[in-house]
Amino acid sequence: MESYQQMLISSFLEIAIDQTADTARQFLQTTKWNLEEAIQLFYNNELVDNPSLNGDDDDDDDDDDDDDDVRPPLHVEREVIYGHNNTVQYNGNSSSHNFDDEILSRLGDVWRVEERDDNLASMYRPPFALIYNGPFNNAIDTAKTQNKWLLVNMQSMQEFTSHLLNKDTWANDYIARIIKKNFIFWQVNDHTEEGQKVCTYYKLNSLPVILVIDPITGQKVHSWNGMVQPEILLKDITSFIDLSPSEYHANLLHKRSRKNPRDEIKEDEGVQQTNEIKEVMKICYPTLPEEPEGDRNLICRVAIRLPDGRRIQRNFLKIDSIKLLWSYCCVEFEEAETRPFRFRQVIPGAVKFLEYDSNLNFEESDLNNSIVSVTWE
């Protein structure tokens, strides 16, 4: 838990430049360790700049001081914390005031509050007016029903380019009108459960990314990585504006009906060759022995998080080579047989990668009761 919190603090500091770890911890604790809400709260409030909001006890006088040196109590003040009508009453010299709960009780959806035009959060907030509100599967169904292409924007809070897309591309009035008329727009962050599923299914390794999804087949038909300027996006999506998904498939059927039978034979041969290539490309890992049982002092138990979100675990002998981790993963999901990968282990203050060629055993790698994640190379 502590290592996870430290990772969130580091992520906060990457976005909130020139802030301290204490500041990051304060905002993360306020939002119950939700990184996205903490960043949004940081840009929407002035907790850092207003010392009276920190709840510090200013009564540092020694017990031996004379009564004449005791500072009189501060009067009760009222400050506007959020919006126009919500105020918080607090006593400047009280250290027991629970300020976090009062903020959270008023926060709600932090992006939807009324903000000043020069507020950073207002500049970089997501395009709520465009975003389809619902899970990915519902977005596909809606796009299919309305015969529109599904435009997906997968974002990452750790990538500033994601915020630039909100500020420069999705906030563009002309782009917004085009999207609203011709697409179903679905935006999500990669740290959410829905985001992780989509990243895994479409094998998204670089974020942010914009996808055009065919709602009839669910296939990705076009993609852009990184920052995409409005004029570039407008130029590339013109073909999807001119041709709806149903018209696109009608054209495909028409082209296939005019195909030469010899072309179909060539396609079948190509599929067969592809399967043969995949078979040749299978990576050979050591044979996985039976799972050991018995003396716990001789056994190392490891949990593995797979790219599709599943979590598996198994016992190994401490003297076994860690190469058996690769063998075990090949048994659990087919893609590991043909695609190189390695393991990532998060430890307090750092991230360690396990390499297949290291020739270490489980005891030397200190993996007992650890969780490692599969990452593609």
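Residues numbered from 1 in each chain as written. Predicted model: local features only at pLDDT ≥ 70, side-chain atom pairs only at ≥ 80, totals over all residues. Heavy atoms only, no water.

The name an unreviewed UniProt entry gives the protein chain is Plant UBX domain-containing protein 7-like, with Nicotiana tabacum as the organism.

**Q** How should I be thinking about the environment of Pro340 in this particular structure?
**A** Note on placement: Pro340 falls in the loop between α14 (323-332) and β9 (341-347). Note on Pro340: relative accessible area 38%, which makes it partly exposed. For the pair formed by Pro340 and Tyr356, sequence separation is 16 residues and the distance between their alpha carbons is 9.9 Å. (Helix = DSSP H or I, 4+ residues; strand = E, 2+ residues; numbered from the N terminus. Buried < 20%, exposed > 50% of the residue type's maximum accessible area, 1.4 Å probe, protein only.)

**Q** Hey, could you run me through the packing of aromatic side chains in this one?
**A** Two aromatic rings, taken as a pair, are described by how far apart their centres are and by the angle between their planes. All told, the structure shown has 17 aromatic pairs when counted by the stated rule. Taking the centre distance of 6.0 Å and the plane angle of 20° together, the rings of Phe12 and Phe27 count as stacked. Pair noted here: Phe12 is in helix α1 (residues 2-15) and Phe27 is in helix α2 (residues 21-30), with a separation of 15 residues, a long-range link. As far as the burial class goes, Phe12 and Phe27 line up, both buried. When the centroid spacing of 5.5 Å and the interplanar angle of 55° are considered together, the rings of Tyr124 and Phe160 count as tilted. Of this pair, Tyr124 sits in helix α5 (residues 120-124) while Phe160 sits in helix α7 (residues 160-169), and the two are 36 residues apart along the sequence. Since its relative accessible area comes to 47%, Phe160 is described here as partly exposed. An aromatic cluster is built from Tyr285, Trp326, Phe341, Phe343, Tyr356 and Trp376, whose rings are joined through pairwise contacts. Its end group placed over the ring of Tyr356, Lys323 keeps NZ or CZ at 5.1 Å from the ring centre. For Arg342, the ring lying beneath its charged end belongs to Phe353, and the centroid distance is 3.9 Å. (Phe/Tyr/Trp six-rings, centres within 6.5 Å; stacked < 30°, edge-to-face > 60°. Lys NZ or Arg CZ within 6 Å of the ring centre and 35° of its normal.)

**Q** What is the right way to look at the pattern of salt bridges in this model?
**A** A full pass over the atoms with the stated rule returns 5 salt bridges. With its nearest N and O atoms 2.9 Å apart, the salt bridge here joins Arg310 to Asp308. Relative accessible area serves as the criterion here: at 35%, Arg310 is assigned to the partly exposed category. In this structure Asp308 comes out as partly exposed when scored by relative accessible area, which is 41%. (Salt bridge = Lys/Arg side-chain N within 4 Å of Asp/Glu carboxyl O.)

**Q** What is the right way to read a nonpolar patch on the surface from this model?
**A** Together, Tyr4, Met7, Val346, Val351 and Phe353 give the surface a local cluster of nonpolar side chains, amounting to about 410 Å² of exposed area. When contributions to the nonpolar patch are tallied by element, the ones reaching two or more residues are α1 and β10 (350-354). The topology assignment puts Met7 in helix α1. (Patch = residues over 30% accessible without salt bridge, like charges linked within 9 Å, V, L, I, M, F, W, Y side chains within 5 Å. Areas by Shrake-Rupley, 256 points an atom, 1.4 Å probe, with all protein chains shown as cover.)

**Q** Even after reading the chapter, I still don't get the nonpolar core, so can you show me in this structure?
**A** Soluble globular proteins tend to bury their nonpolar side chains together. Formed by 24 residues in total, the largest nonpolar core has its most connected members in Val302, Ile304, Leu325, Phe341, Phe343, Phe362 and Leu367. The set of elements that each furnish at least two residues to this core consists of β7 (299-305), β8 (311-317), α14, β9 and β11 (370-376). Ranked by residue count, the leading element in this core is α14, at 6 residues. If we skip the residues at most four places from it in the chain, Phe343 touches Ile304, Leu325, Trp326, Cys329, Lys352, Phe353, Leu354, Val372, Ser373 and Val374. Grouped together as the second largest cluster of nonpolar side chains are 19 residues, Leu165, Ala176, Ile179 and Phe183 included. (Core = buried A, V, L, I, M, F, W, Y, C linked by side-chain atoms within 4.5 Å. Contact = heavy atoms within 4.5 Å.)

**Q** Even after reading the chapter, I still don't get the sheet that holds β8, so can you show me in this structure?
**A** Neighbouring strands of a sheet are bound in pairs by backbone hydrogen bonds; such pairs are parallel or else antiparallel. The mixed open sheet is built from 5 strands, whose spatial order is β8-β7-β11-β9-β10. Among the strands making up the open sheet, the edge pair consists of β8 and β10. Neighbour to neighbour, the strand axes of the sheet diverge by 35° on average, direction disregarded. Lying over the sheet, α14 contacts β7, β8, β9, β10 and β11, oriented at roughly 140° with respect to β8. (Pairing = 2+ DSSP bridges. Axes fitted to C-alpha atoms, helices over the stretch in contact; angles between N-to-C directions.)

**Q** Help me understand the pairing of β11, please; the structure alone is not making it clear to me.
**A** For a regular strand, side-chain orientation follows a simple rule: the groups alternate between the two sheet faces. Counted residue by residue, β11 has 6 buried out of 7 residues, so it is predominantly covered. With 4 bridges joining them, β7 and β11 adopt parallel strand pairing. Residue pairing for β11: Ala303 is matched across the bridge by Ile371. Judged from the 4 bridges that link them, β9 and β11 form a sheet pairing that is antiparallel.

**Q** Is there a simple way to think about the side chain of Asp320 in this case?
**A** Here Asp320 shows up in the loop between β8 and α14. For the buried Asp320, no salt bridge is present, and the opposite-charge side chain at shortest range is Arg314, 6.2 Å distant. Filtering out sequence-adjacent residues up to four positions away, Asp320 remains in contact with Leu360, Asn361 and Phe362. (Lys, Arg positive; Asp, Glu negative; His and termini not counted.)

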